[in-house]
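Read off the chains here:
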Amino acid sequence: MLIVTSLQGQTEALTDYKELTRKQRVNGERSLSFVLFKTERNAHAFDLVKEESIIEYDDHKYRIKQLEELAVGAVPMKRVRADHVFFDVIDVYQYGTISGTKTISEALSFALNGTGWTFVVVGSFSTVQFENFGDDNAAALFQKILESYGAEFDIVGNEVRIYNQIGANTDFQFRYRHNIKTLEKIVKTDNLSTYIKGYGKRNDDGTYATTAEYTSPMASIFGIRHAKPIYDERFTNSNSLLEYIKTQIQDTPEISITIDFVDLAKAGYPLPRPRLGDTVYLIYEPLGIDITTRIMEITDYPESDRSPEVTLANFKESFTDVSIRYTKSQIEKIYNEQTGRIRYTALDEAVRQATEALQSAQTELKFENGIIAIDKNDPNNIVLFNSAGIGISDDGGQTFKTAMTGSGIVADVITSGALNTNNIVVGNNKIRMDNNGLYVYKNGIMGASLVEGNLTFFDQTNGQKIGMFAATVWSDGVTKGISMNMEHDRYISFGHYLNPTVGYTPMLILNPGTAMDGVPQGIVANLPFRANADMWLGTNALRFGLTNTHNHSALWHDANNNLAIASYTGIRLAYLTSGGVANDRLTVDANSVDVWQDLDLHGWKLLRVAEADFMSTARIAHDNDAVYIQHNGEVRATQYKSATYVPVRASSFPTGSLAEFKEEIRPWEESALEKIRQATIYEYYLKSELERGIYRKRQGLVVGEGYNTPAGVIDGDGVEQYLMNSWSWKAIQELDSEQQSLKDRIAWLELENQYLKQKVSQLETRIAELETKIV
């Protein structure tokens, strides 16, 4: 169902739309289109469908960017195309710039700042050198990130997920013109190249630390065609550079084939539905090549039986070219082609500031205790160089807050890219990291450590081990999980914050020992325990302890497999049998039974009903011939078995139906109408009436072997009237729904017929115009 929200925030559901089409493309378009007729049912929402309104469908939101208003006869109609709201980031401008070597997370944080979108990086990406990245809209910057890091994206909720490649790798082979028919085929060789050269890091003398060149096997078909060389400062190894430039050359024709997914599925496609980015193999015999292609575009029709259309391609279209149609800034080259050197503005920001400070400094050198460089504009700024080391001071040499000596380096702030080290100590030995793991200390005593994936906690008074979180494998040697293992007589407590005064209070305590003051051994919970599945209790017994743990009430299975109920003294009060002569019977030892609902006695001879004073009683008993009702020994009524089925008359028969007496209440989804259709209504005579000379033919259900009566309404030797009435109600609702659906369908067909008539009329007019031109 479509939901529309106007710019003013008014939200309504949309009905009576048709031709719903959804299109999505790798690193590109996410759009929705449909045709909307104005009807009585959607009149309240029709006018909300206008430019810039939001359309929500299948947990995604789209903004209307193209709207065409027409009329079919006297009925208004709108043709709508909406783009995913993610593309609204084009309206956010990043005025600043960043430069230097950046991770993809750093670049995304900058580009998407202020857009309202979050991101998650799922893949693994190398860092990229940027020069003045920014001063553009967020959409153009996002596109540059995708291109620079070779990334692809997907949208989940309000989150952008970044992958190296979306979709799944399949072994499916698509052989052109053999196992699939195409709807459209495009082959382009504009960007075809078969030879490429790469240049790595550039030395100070203008030479390169490494170079590589690659000739594609496709050169035997298309000849040598040079691609633009690759210059990348990151590479100093020829093998790494070679592998990289192989990925940058387009050495096969750009092939795009659009097909019906039904054909793809019939040909053996392994997945139940097409997924954007899935990889398949294409054997293209006209050029004698075998290439890898991907599902780069999907057009589906989610509310119709029409099969999706998928486009297979071996190249990726630009995010900007396909989706945003926006002219973005050209990527400035890192190298100055005239001088062959790195542009100054491409340097890391910290390096740039340091370079400017050194080159523009007006200093004076003194030879006192080494070499002293003094800032002429501010004599407090000095640099001292001698055999002990190098020191930098901003207070005339009284203190050197930044220094490098034989003992190490001292600095308030260190700006670094990658920091390779064997040992890091933070603060006064509060945090330490080495090749083995991470350690946290308090007052010189270790409190926790993270070593080889195990998180261990220690007593902060003596450093003794308390417990450990660890990744473990179950005794089957296969199943993996996380376990918390405690040392001897150590407890686990799960607390909850109440308020600033109380702080945290234990809600659940696992105490294996008995040493804790006021906390008994075992699992102690300060919250109700609710079990939604079977609860296993050791030796088949459940004990409810009192303050005096020797006195208790209990439930247990006895030797005869009965469920026994005992008092706090351990004397059995009652038991529920599950076998033997008295099957499924609740027996009470020398006590009364209070019954608050129906009591079925199953063969018992006597039911005694006590009055309030427990002295005068009423009895219901039966023998082989009749049922007797007695009060204080006097027979008040007799009902003979031969007259069991006789009419009962009363002003009403209310059936109890309070929700408080019911569990798991939910709407009944089955078709009552279908159940009623399957039942057989019989004709019959009642034997009790025939014995009295009454020949009255009746109609109804019959309970017995061989008779077609639904088991759901059978209650013992009768049928449950309340249940039958409920079935009838639901069947009436289903018939009413079918009738309403048919009425809506007729109205829709009339409207569609009118629409088609108008189309035919337009075609006839067009044909007449063409005939006139031909004459």
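Counting secondary structure elements, the protein contains eleven helices and 52 strands. Here the protein holds 775 residues, and the buried ones make up 29% of them. Put simply, 45% of the contacts in the protein that link residues at least 6 apart link residues at least 24 apart. When the accessible surface of the protein is totalled, it reaches about 51700 Å², and 51% of it is carbon and sulfur.

We now examine unusual backbone geometry. Phi is positive for Asn27, close to 55 degrees, though the residue is something other than glycine. Locating Asn27 in the fold gives a position in the loop between strand 3 (17-25) and strand 4 (30-37). Positive phi, close to 50 degrees, is recorded for Glu664, a residue that is not glycine. Tracing the sequence through the fold places Glu664 in the loop between strand 48 (634-640) and helix 9 (672-678). The exposure class assigned to Glu664 is exposed, which follows from its relative accessible area of 64%.

The next subject is the nonpolar core. One finds Phe86, Ile104, Phe142, Ile145, Tyr149, Phe153 and Ile162 to be the most contacted residues of the largest nonpolar core, which totals 29 residues. Looking at this core, the elements that each hand over two or more residues are helix 2 (104-111), strand 10 (128-137), helix 3 (138-149), strand 11 (152-156) and strand 12 (159-163). Examining the composition of this core, we find that seven residues originate from one element, helix 3, more than from any other.

What follows concerns the packing of helix 2 against helix 3. Two elements in contact, helix 2 and helix 3, have axes whose closest approach is 9 Å; the angle formed by their N-to-C orientations is 170 degrees. Between helix 2 and helix 3, the angle is such that the two are roughly antiparallel. On the side of helix 2, the interface is formed by Ile104, Ala107, Leu108, Phe110 and Ala111, while helix 3 contributes Ala138, Leu141, Phe142, Ile145 and Tyr149.

Attention now goes to the side chain of His84. If you trace the backbone, His84 turns up in strand 7 (residues 75-84). For His84, the side chain forms a polar contact with the side chain of His60, separated by 3.0 Å. The residues touching His84, leaving out its near neighbours within four places in the chain, are Arg30, His60, Lys61, Tyr62, Trp117 and Ile155.

Considering the arrangement of structural elements, one finds Asp394 in the loop between strand 27 (389-393) and strand 28 (402-405). Sequence separation of Asp394 and Asp378 is 16 residues, and the distance between their C-alpha atoms is 8.9 Å. Beyond its immediate chain neighbours, meaning those up to four positions away, Asp394 contacts Asn380 and Asn381.

The next thing to look at is the sheet that holds strand 11. Two strands in a sheet stick together by hydrogen bonds in their backbones, pointing the same way (parallel) or opposite ways (antiparallel). Taken together, three strands build an open sheet; the order of strands is 9-12-11 and the sheet is mixed. Pairing within the sheet leaves two strands with one partner each, and these edge strands are strand 9 (118-121) and strand 11. Strand-to-strand twist of the sheet, defined as the mean angle between neighbouring strand axes without regard to direction, takes the value 25 degrees. For strand 9 and strand 12, the ladder comprises four bridges, and the chain directions are parallel. Residue pairing across strands places Val121 opposite Ile162, the latter belonging to strand 12. Strands strand 9 and strand 12 of the sheet are contacted by helix 2, whose axis makes an angle of about 170 degrees with strand 9.

Moving on to a nonpolar patch on the surface. Together, Val426, Ile431, Met433, Leu438, Val440, Leu450, Leu455, Phe457, Phe469, Ile482 and Met484 give the surface a local cluster of nonpolar side chains, amounting to about 840 Å² of exposed area. Those elements that provide at least two residues to the nonpolar patch are strand 31 (431-434), strand 32 (437-442), strand 34 (454-458) and strand 36 (480-486). Examined against the element boundaries, Leu438 turns out to sit in strand 32. The exposure class assigned to Leu438 is partly exposed, which follows from its relative accessible area of 30%.

A word on helix 2. Three or more residues of helix 2 are buried, namely Ile104, Ala107, Leu108, Phe110 and Ala111. Take helix 2 and look down its axis: the buried residues cluster within an arc of 160 degrees, on one side only. Against strand 8 (93-102), strand 9, strand 10, helix 3 and strand 12 lie the buried residues of helix 2.

Among the structural elements, Met724 can be located in helix 11 (residues 721-774). Here Met724 falls in the partly exposed class, since its relative accessible area comes to 24%. The sequence separation of Met724 and Ala672 amounts to 52 residues, and the corresponding C-alpha distance is 9.7 Å. In contact with Met724, not counting residues within four places along its chain, are Leu701, Val713 and Val719.

Below, the discussion takes up the pattern of salt bridges. With the rule as written, the count across this model stands at 26 salt bridges. A salt bridge links Glu52 to Arg63; its shortest N-O distance comes to 3.8 Å. Of this pair, Glu52 sits in the loop between helix 1 (43-46) and strand 5 (54-57) while Arg63 sits in strand 6 (residues 60-72), and the two are eleven residues apart along the sequence. When its relative accessible area of 17% is taken as the criterion, Arg63 is described as buried. Note that Arg698 is salt-bridged to Glu689, the shortest N-O span being 2.6 Å.

Our next topic: the sheet that holds strand 16 (residues 211-215). With mixed pairing, three strands are arranged side by side in an open sheet as 16-15-17. The strands lining the two open edges of the sheet, one partner per strand, are strand 16 and strand 17 (230-231). As paired strands, strand 15 (residues 195-199) and strand 16 are joined by five bridges and run antiparallel to one another. When the sheet's bridge partners are listed, Lys197 is paired in strand 16 with Glu213. In the packing of helix 5 (residues 238-248) onto the sheet, the strands contacted are strand 15, strand 16 and strand 17, and the crossing angle to strand 16 comes to about 40 degrees.

Here strand 3 runs beside strand 4; their pairing, made up of six bridges, is antiparallel. Across the sheet, the residue bridging to Thr21 is Ser33, located in strand 4. Connecting the antiparallel pair strand 3 and strand 4 is a turn made up of four residues, with Asn27 showing a positive phi of about 55 degrees.

With that out of the way, let us pick up the confidence of the model for the protein. With 73% of its residues at a pLDDT of 70 or more, the protein has an overall mean of 77. Within the model, pLDDT remains below 50 along residues 579-584, and this stretch shows four contacts once partners closer than five positions in the same chain are excluded. Predicted confidence is poor over residues 594-616, with pLDDT under 50, and the contacts of this stretch with residues over four places away or in other chains come to 25 contacts.

Quick look at the pairing of strand 4 now. Most of strand 4 sits out of view: seven of its eight residues are buried. In this sheet, strand 7 lies alongside strand 4 in antiparallel orientation, the contact comprising seven bridges. Within strand 7, the position partnered with Val35 by the bridge is Arg79.

Let us look at the packing of aromatic side chains. Going through the model one piece at a time under the given rule, you end up with 19 aromatic pairs. Geometrically, the ring pair formed by Phe110 and Phe133 is tilted, given 5.9 Å between the ring centres and 50 degrees between the ring planes. Taken together, the residues Phe110 in helix 2 and Phe133 in strand 10 connect sequence positions 23 residues apart. Its end group placed over the ring of Trp668, Lys730 keeps NZ or CZ at 5.5 Å from the ring centre.

Turning next to the environment of Gly495. With respect to the helices and strands, Gly495 occurs in strand 37 (residues 492-499). Linking Gly495 and Met507, residues twelve residues apart in sequence, is a C-alpha distance of 5.1 Å. Not counting residues up to four positions away in its chain, the partners in contact with Gly495 are Thr505, Pro506 and Met507.

Calculation rules
Residues numbered from 1 in each chain as written. Predicted model: local features only at pLDDT ≥ 70, side-chain atom pairs only at ≥ 80, totals over all residues. Heavy atoms only, no water. Helix = DSSP H or I, 4+ residues; strand = E, 2+ residues; numbered from the N terminus. Buried < 20%, exposed > 50% of the residue type's maximum accessible area, 1.4 Å probe, protein only. Contact = heavy atoms within 4.5 Å. Areas by Shrake-Rupley, 256 points an atom, 1.4 Å probe, with all protein chains shown as cover. Core = buried A, V, L, I, M, F, W, Y, C linked by side-chain atoms within 4.5 Å. Axes fitted to C-alpha atoms, helices over the stretch in contact; angles between N-to-C directions. Parallel < 35°, antiparallel > 145°, perpendicular 65-115°, else oblique. Polar contact = N/O pair within 3.5 Å; in protein donor to acceptor, adjacent residues only side chain to side chain. Pairing = 2+ DSSP bridges. Patch = residues over 30% accessible without salt bridge, like charges linked within 9 Å, V, L, I, M, F, W, Y side chains within 5 Å. Salt bridge = Lys/Arg side-chain N within 4 Å of Asp/Glu carboxyl O. Arc of directions from axis to C-beta. pLDDT = per-residue confidence, 0-100. Phe/Tyr/Trp six-rings, centres within 6.5 Å; stacked < 30°, edge-to-face > 60°. Lys NZ or Arg CZ within 6 Å of the ring centre and 35° of its normal.

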